[in-house]
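An overview of the molecular structure
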2 protein chains.
Amino acid sequence: MIASKSAEFVNQVVGAIREVVGPGPVALHEPSFDGNEWLYLKECLDSNYVSSVGKFVEQFELLLASYTGAKYAISVVNGTAALQIALKLAGVNSGEEVLLPALTFVATANAVSYLGAIPHFVESEESTLGIDVVKLREYLSGNTEEQSGLCTNKSTKRVIRALVPMHTFGHPSDLEQLLSIARDFNLVLVEDAAESLGSFYQGQHTGTFGLLGTLSFNGNKTITTGGGGAILTNDEALARRAKHLTTTAKIAHKWEFDHDEIGYNYRMPNINAALGCAQMEKLPGKISSKRELFKRYEKEFKLISGASIFEEPSNCQSNYWLQTLLLEDDNLDLRDYVLEASNKEGIMTRPAWKLMSNLSPYRNSPAMSLEGANSLYRRAINLPSSPVLSLGAR
Amino acid sequence: MIASKSAEFVNQVVGAIREVVGPGPVALHEPSFDGNEWLYLKECLDSNYVSSVGKFVEQFELLLASYTGAKYAISVVNGTAALQIALKLAGVNSGEEVLLPALTFVATANAVSYLGAIPHFVESEESTLGIDVVKLREYLSGNTEEQSGLCTNKSTKRVIRALVPMHTFGHPSDLEQLLSIARDFNLVLVEDAAESLGSFYQGQHTGTFGLLGTLSFNGNKTITTGGGGAILTNDEALARRAKHLTTTAKIAHKWEFDHDEIGYNYRMPNINAALGCAQMEKLPGKISSKRELFKRYEKEFKLISGASIFEEPSNCQSNYWLQTLLLEDDNLDLRDYVLEASNKEGIMTRPAWKLMSNLSPYRNSPAMSLEGANSLYRRAINLPSSPVLSLGAR
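Residue positions are counted from 1 within each chain, in the order its sequence is given. Chain labels run from A onward and ligand labels from 1 onward, assigned in the order the entries are written. Under the rules for a predicted model, residues below a pLDDT of 70 receive no local features and side-chain atom pairs below 80 are neither given nor counted, while totals for whole chains, interfaces and linings still include all residues.

All right, on to the overall build of chain A then. For helices the rule is a DSSP run of H or I covering at least 4 residues; for strands it is a run of E covering at least 2, with both sets numbered from the N terminus onward. Assigned secondary structure in chain A consists of 12 helices and 16 strands. For the radius of gyration, the atom set is restricted to C-alpha positions; the globular benchmark scales as 2.2 Å times the number of residues to the power 0.38. In summary, chain A has a C-alpha radius of gyration of 21 Å against a globular reference of 21 Å for 394 residues, a match within 12%. Each of the three principal axes of chain A carries a C-alpha extent, and together these read 75 × 60 × 35 Å. We call a residue exposed when 12 or fewer other C-beta atoms sit within 10 Å of its C-beta, buried when the count reaches 20 or more, and partly exposed for counts in between; the C-beta positions come from the backbone. Out of the 394 residues in chain A, the part that is buried amounts to 56%. Once C-beta atoms are placed from the backbone, any two residues with those atoms within 7 Å are in contact. Here the analysis covers contacts within chain A between residues at least 6 apart in sequence; of these, 71% occur between residues at least 24 apart.

As structure tokens, this is what we get:
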């Protein structure tokens, strides 16, 4: 039974969301296809090029590279595949550990597991929703040692090969400090930028700070290709290997089928890339709508005490992929009431992901103390975030 | 320098192909989109359902199940992913061996490798282009022994868990004998039916004989979804697990993200399934065109001695995915001349795949004697096979 003061808070929160999103049922994040999607899909069908041949894959990769400022973009079948290949190219070997936030979507951890490597879960903090760089540095200082130029976990004796920040709900992690930690502890930095296409840290696009970065174009992302992802890198040799590995490692030949390593069938089909090209043309407009939407939420929630809308970290420009309400500590037990009441009203909201360290397949993976991540998990609620909602009540 | 008699043979072969395919450049296998593709793609865009939500995925799965007679079909991102998951569900563990033909596309072997298992290459024979069941039985009798109810490789001491026939160029392998071998040697039968949608063995669809079977809808296949694949099974529990594993092993919940094992992001996007639904409606027509095309090639090549068009095995109805010319032993050194001359003329032809046992990543994998497979590799040439070619010179 919920106390009347709490019930009032829940009503206020749902009312504020309703004020922003207008009447009727509202999705968490809907794509929109009001550009050249139609034209480009028709071009695919008319030319018979829907699959591995066709111009849209290359065009989409050029658009991604140009927008993000990465020298190379390699499109693949989804964000999980992108991260798996990026980690492989970063030199992650079976039996090694990879540092990643416990507060992330399961794909980040799974991509590590596919390589036979072990995810090692790291603390998050509230100013970025990303990795807690202060606590991580302290943790690595105490719990790892350098052996032959490699970072080694003192307790498991395993090499820790890479550090994978994830830019939560689109907000850039503290990349300057993360780069510094990676340098100091001999870790390869690979960015999981699945959620942050259109997000910049000190004017530079997320996903371009590490040796490699990865994007996702799933249906609920800022732009969508149905399903899709991409690998970003500035290293020409890595880019070439990424393309090779994701296209079955086939050696170019006029007719012979020869493959020089165990590759993957991860190429993005032309029809999905066609959708991506049209979506990329509309990306700047989508981002500015999403940033407008933040302001509308912010205005409403300024009137309510006990919860606030998360604002982009300083020195960052975020895509505001998923708008995030953070309950104050006093109200964290009300999270499920807010979720229940809003969803019952047809307003789709959801909590953050269960911490990786609490999922049964990852319960025994190494982890640092995760109080900050756990607090964020208990206090965060994602709100409807479609660009179209910036226009106000429909 | 090619002898004049040989040059004459090469000219005859290219002339016969040209007679069938008509003038101009001709692809090896082109899709066609003359059904409801347009309508269904538009429905995706108009409804905003292009990704993981939408009706076409379920509809495509029902169409596949209904057409193949499998109780369940689970659509995924491509044929390689389908086979990886099917093998996992068949109980293939890391460090175990899986029997598969050396004469196959690299995806069959890669799917085994992704599980940490080891491909063990098997001989092929000429009446089906598939596994040589006589030699395989003899080989297993001599080289394996039963230990605790499992087939064990006497020389590597590893468990051999599964047998994976691949229905080459669409032609059904000898499924009756393969089932019998699987039974006698305690192997799980999983069919790689990537090439054989529309091919029947004794009236039953390929891919439905084993515990699980897999299909592919890549751009060059009989029907295409851009990129895509499916798992077939008659076992309800396996079907449920296949869906669970290919959708990140997420436990159904109104908002919580909980995953009970290491799953995969292998779901087919709705937009690709939409294409698949339209393509499935046209499948019977495509198959009958391809069977007509066979007759036209057969007629032309009856006039030429030294090579013949491969005809479906007895008791089978094949989709004739890729029409296949088999050179006689006297002419096998002319294969590359035929490939060169035809491709130079704009007629796309290609050889069979290099044997898996000759690829650098698989050179050290166990293999039985592969004379038959090697002979087929040296003698087979795939000819243009698009359904539209059945109409004759364009």
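The complete set of buried residues in helix α12 (residues 371-379) of chain B reads Ala373(B), Leu376(B), Tyr377(B) and Arg379(B). Tucked into the core, α12(B) has its buried residues touching β2 (97-101), β14 (323-327), α11 (335-344) and β16 (380-383) of chain B.

With that settled, consider the pairing of strand β11 (residues 229-233) of chain A. Looking down a regular strand, the side chains alternate between one sheet face and the other. All names here are of chain A. β11 sits mainly inside the fold: 5 of its 5 residues count as buried. Alternating residues of β11 divide into Gly 229, Ile 231 and Thr 233 and Ala 230 and Leu 232, and every residue in both groups is buried. Bridge analysis of strand β1 (residues 72-76) against β11 gives 5 bridges, and the strand direction is antiparallel. In the strand pairing of β11, Ser 75 is matched with Ala 230. Both strand β10 (residues 212-216) and β11 contribute to a ladder of 4 bridges, which runs antiparallel. Residue pairing in the sheet places Thr 214 in a bridge with Ile 231 of β11. Any two strands are treated as partners once DSSP identifies two or more bridges connecting them.

Moving on to the relation of the copies chain B and chain A. Overlaying chain B with chain A gives an RMSD of 0.0 Å, the required rotation being 180° about an axis along which the chain moves by 0.0 Å. Taken together, the turn and the small shift mark the pair as related by a two-fold rotation axis. Here 100% of the interface residues in chain B have copies in chain A that are interface residues too; the copies meet face to matching face. A least-squares fit on C-alpha atoms brings the copies together, and the residues used are those whose pLDDT is at least 70 in both copies.

This next bit is on the nonpolar core. We define the nonpolar core as any set of buried residues of the types Ala, Val, Leu, Ile, Met, Phe, Trp, Tyr and Cys, connected via C-beta atoms lying within 7 Å of each other. Counting 265 residues, the largest nonpolar core has Ile85(A) and Ile85(B) as its most contacted members. When near neighbours in sequence (up to four residues on either side) are disregarded, Ile85(B) contacts Val76(B), Ile231(B), Ala242(B), Leu245(B), Thr246(B), Tyr264(B) and Tyr266(B).

On to the sheet that holds strand β13 (residues 316-317) of chain B, then. Residue and element names in this part refer to chain B. Read across the sheet, 3 strands follow the order β9-β8-β13 without closing on themselves; strand pairing throughout is antiparallel. Across the chains shown, the open sheet's two edge strands, defined by having one partner strand only, are β9 (204-205) and β13. Pairing of strand β8 (residues 200-201) with β9, which is carried by 2 bridges, proceeds in the antiparallel orientation. Note that in β9 the partner of Phe 200 across the bridge is His 205.

Taken together, the contacts link 51 residues of chain B with 51 residues of chain A. Taken together, the elements giving at least two residues each to the side of chain B that touches chain A come down to α2 (37-47), α5 (106-114), α9 (270-281), α11 and β15 (350-351) of chain B. Of the residues assigned to the side of chain B that touches chain A, the class counts are 21 nonpolar, 21 polar and 9 charged. All residues other than Ala, Val, Leu, Ile, Met, Phe, Trp, Tyr, Cys, Pro, Asp, Glu, Lys and Arg, Gly among them, are scored as polar; the first ten of these are nonpolar and the last four charged.

Residue and element names in this part refer to chain B. The convention used is that axes are lines fitted to C-alpha atoms, helices contributing only their stretch in contact, and that angles between N-to-C directions extend from 0 to 180 degrees. Direction vectors running N to C along helix α4 (residues 79-89) and α5 enclose 45°, while the axes themselves pass 8 Å from each other. Of the possible angle classes, the one that applies to α4 and α5 is oblique. Judged by the sense of rotation from one axis to the other, the crossing of α4 with α5 is right-handed. Here Gly 79, Thr 80, Leu 83, Gln 84 and Leu 87 of α4 come into contact with α5, specifically with Ala 107, Thr 108, Asn 110, Ala 111, Val 112 and Tyr 114. These descriptions rest on fixed angle ranges, namely under 35 degrees for roughly parallel, over 145 for roughly antiparallel, 65 to 115 for roughly perpendicular, and the rest for oblique. Crossings are classed by handedness, with left-handed meaning an anticlockwise turn of the near helix from the far one by less than a right angle and right-handed meaning a clockwise turn.

Residue and element names in this part refer to chain A. For Gln 202, which is not a glycine, the phi torsion comes out positive at approximately 45°. In this structure, Gln 202 sits in the loop between β8 (200-201) and β9 (204-205). Positive phi is not limited to glycine here, since Ala 249 has a value of about 55°. You can see Ala 249 is positioned in the loop between α8 (236-245) and α9 (270-281).

Turning our attention to the domain arrangement of chain A. Quite often, the size of an interface is put as the accessible area lost when its parts meet. Residues and elements named next belong to chain A. The start and end points of each domain follow an automatic or database-based domain assignment. Taken domain by domain, chain A comprises domain 1 (4-29 + 283-391) and domain 2 (37-281). With centres defined by C-alpha atoms, the gap from domain 1 to domain 2 works out at 26 Å. Facing 35 residues of domain 1, the contacting portion of domain 2 comprises 42 residues. Taken together, the elements giving at least two residues each to the side of domain 1 that touches domain 2 come down to α10 (283-301), β13 (316-317) and α12 (371-379). Ranked by residue count, the leading element in the side of domain 1 that touches domain 2 is α12, at 4 residues. A per-class count over the side of domain 1 that touches domain 2 returns 22 nonpolar, 11 polar and 2 charged.

With that out of the way, let us pick up the sheet that holds strand β14 (residues 323-327) of chain A. Residues and elements named next belong to chain A. One open sheet holds the 4 strands; their spatial order is β12-β14-β16-β15, and the pairing between them is antiparallel. At either end of the open sheet lies a strand with only one pairing partner, and these are β12 (307-309) and β15 (350-351). Relative to strand β16 (residues 380-383), β14 is paired through 4 bridges, and the arrangement is antiparallel. Bridge pairing in β16 links Leu 325 to Ile 381.

What follows is about the pairing of strand β6 (residues 159-163) of chain A. Residues and elements named next belong to chain A. Within β6, 5 of the 5 residues are buried, leaving the element largely enclosed by the surrounding structure. Taken together, the 3 bridges between strand β2 (residues 97-101) and β6 define a ladder with parallel strand orientation. Bridge pairing in β6 places Leu 99 opposite Leu 163. Taking the residues between adjacent antiparallel strands as the criterion, strand β5 (residues 150-153) and β6 are bridged by 5 residues, where Lys 157 takes a positive phi near 70°. For β6 and strand β7 (residues 188-192), the ladder comprises 2 bridges, and the chain directions are parallel. Each residue of the ladder has a partner; that of Ala 162, found in β7, is Val 188.

Below, the discussion takes up the environment of Met368(A). Residues and elements named next belong to chain A. Position of Met 368 relative to the elements: it lies in the loop between β15 and α12. Measuring from C-alpha to C-alpha, the distance between Met 368 and Ser 52 comes to 43 Å, with 316 residues separating the pair along the chain. When neighbours within four sequence positions are excluded, Met 368 is seen to be in contact with Val 122, Glu 123 and Tyr 139.

Let us look at helix α3 (residues 56-68) of chain A. Residues and elements named next belong to chain A. Expected span of a helix: the number of residues minus one, times 1.5 Å. The end-to-end C-alpha distance of α3 is 18 Å, a good match for the 18 Å that 13 residues give at a rise of 1.5 Å each. Those residues of α3 that sit buried are Phe 56, Val 57, Phe 60, Glu 61, Leu 63, Leu 64, Ala 65 and Thr 68. Those residues of α3 that are buried lie in contact with α2 (37-47), β1, β9, β11 and α9. Backbone geometry just after α3 places Gly 69 at a positive phi near 80°.

The subject of this paragraph is the confidence of the model for chain A. Residues and elements named next belong to chain A. Averaged over every residue, the pLDDT of chain A is 96; the share at 70 or more is 99%. Across chain A, the secondary-structure element scoring lowest on mean pLDDT is α2, at 91, and the one scoring highest is β2, at 99. Here the prediction assigns the complex a pTM of 0.96, and the interface score ipTM is 0.95. Here pLDDT means the predictor's own confidence in every residue, given as a number from 0 to 100.

Its location among the elements puts Ala7(A) in helix α1 (residues 4-21). Separated by 330 residues in sequence, Ala7(A) and Tyr337(A) have C-alpha atoms that sit 8.4 Å apart.

All names here are of chain A. Direction vectors running N to C along α1 and α10 enclose 145°, while the axes themselves pass 9 Å from each other. Of the two possible hands of crossing, α1 and α10 adopt the one that is right-handed. From α1, Ala 16, Glu 19 and Val 20 reach across to α10, where they touch Arg 296, Tyr 297, Glu 300 and Phe 301. Broken down by class, the residue content of the contact of α1 with α10 amounts to 4 nonpolar, no polar and 3 charged.

What follows deals with the environment of Glu146(A). All names here are of chain A. Note on placement: Glu 146 falls in strand β4 (residues 144-147). The class of Glu 146 is exposed, set by 11 C-beta atoms lying within 10 Å. Along the primary structure Glu 146 and Phe 185 are separated by 39 residues, whereas in three dimensions their C-alpha atoms are 7.5 Å apart. Ignoring sequence-local partners within four residues, the contact set of Glu 146 consists of Cys 151 and Asn 186.

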